[in-house]
Amino acid sequence: MRKHSMTRIGAFASLAIMALAAPAVAQQKAPHDHGHAHAHATDDAVYKGYFEDSQIAARALSDWEGDWQSVYPLLMGGALDPVMQHKAEHGEKTAADYRAYYETGYRTDVDRIEIHGDKVSFHSAAGTVSGSYADDGYEILTYEKGNRGVRYVFRKVAGDAGAPAFIQFSDHAIAPVKAGHYHLYWGNDRAALLEELTNWPTYYPADLTESQIVAEMLAH
């Protein structure tokens, strides 16, 4: 399995692009709560991109199994305005600035992705292309502000010519876990994809409503 450490300068961390104000860890009320609180603190650090190499583990495509919807149409239709406003209240940009940033980040014409077994199908207005994908390791990216991200890489082994040769998942996790959402990078050049840090099409479960997705984003 390929697993390399790479440095990327002058860009936001891909594993922190959707993080809002971190949820406060519950105050310890009894000795038996300590482990639970520690787990929350550890999870929050990983979500923000701070972790040790020893914490990273390989993941299977089954972590992203399911039917997924792009959030780009939700942003463009105004459904995510409360999220942009929340970011403005806790960040250093205006809601309009955040919207512009995420408009670049979320932009995609692939509005739905299905993942079942080793098959990944990309749905767009132009039609659907599918491919079978195999594990191709992971890459560790280090960013300007010191945090890091892990890209889990899969390569096409069969399928439509129009399906990308490589797909790379980033979902704030660094070990096996069922994804709640993810950012996906795809293309035919594995190395070039690792350089992409400004456009990260983002997907949530297809059965979630707009309000549920907003709630999920606000919770992070």
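Structure first, text after, so check above.
Residues numbered from 1 in each chain as written. Predicted model: local features only at pLDDT ≥ 70, side-chain atom pairs only at ≥ 80, totals over all residues. Heavy atoms only, no water.

A. A look at the pairing of strand E9 (residues 202–205). Inspection of the sheet shows strand E2 (residues 66–70) paired to E9 by three bridges, in the antiparallel sense. Bridge pairing links Ser70 to Tyr203 in E9. Relative to E9, strand E8 (residues 182–187) runs antiparallel, the two being bridged by two bridges. Counted as the bridge partner of His183 is Thr202 from E9. (Pairing = 2+ DSSP bridges. Helix = DSSP H or I, 4+ residues; strand = E, 2+ residues; numbered from the N terminus.)

B. The packing of aromatic side chains, seen in detail. This model, assessed by the stated rule, comprises 14 aromatic pairs. Both rings, one in Trp68 and one in Tyr182, keep their centres 4.7 Å apart while their planes meet at 70 degrees; by these two values the pair is edge-to-face. Of this pair, Trp68 sits in strand E2 while Tyr182 sits in strand E8, and the two are 114 residues apart along the sequence. Grouping residues by exposure puts Trp68 and Tyr182 together as buried. Where Phe169 meets Tyr182, the ring centres are 5.2 Å apart and the plane angle is 70 degrees; that geometry is what we call edge-to-face. One end of the pair, Phe169, is in strand E7 (residues 166–170); the other, Tyr182, is in strand E8, and 13 residues separate them in sequence. For the pair shown, Phe169 and Tyr182 are each scored as buried. Grouping aromatic residues by their ring pairs yields a cluster made of Trp64, Trp68, Tyr138, Tyr152, Phe154, Phe169, Tyr182 and Tyr203. Stacked on the ring of Tyr185, the Lys or Arg Arg151 has its end atom at 3.4 Å from the ring centre. (Phe/Tyr/Trp six-rings, centres within 6.5 Å; stacked < 30°, edge-to-face > 60°. Buried < 20%, exposed > 50% of the residue type's maximum accessible area, 1.4 Å probe, protein only. Lys NZ or Arg CZ within 6 Å of the ring centre and 35° of its normal.)

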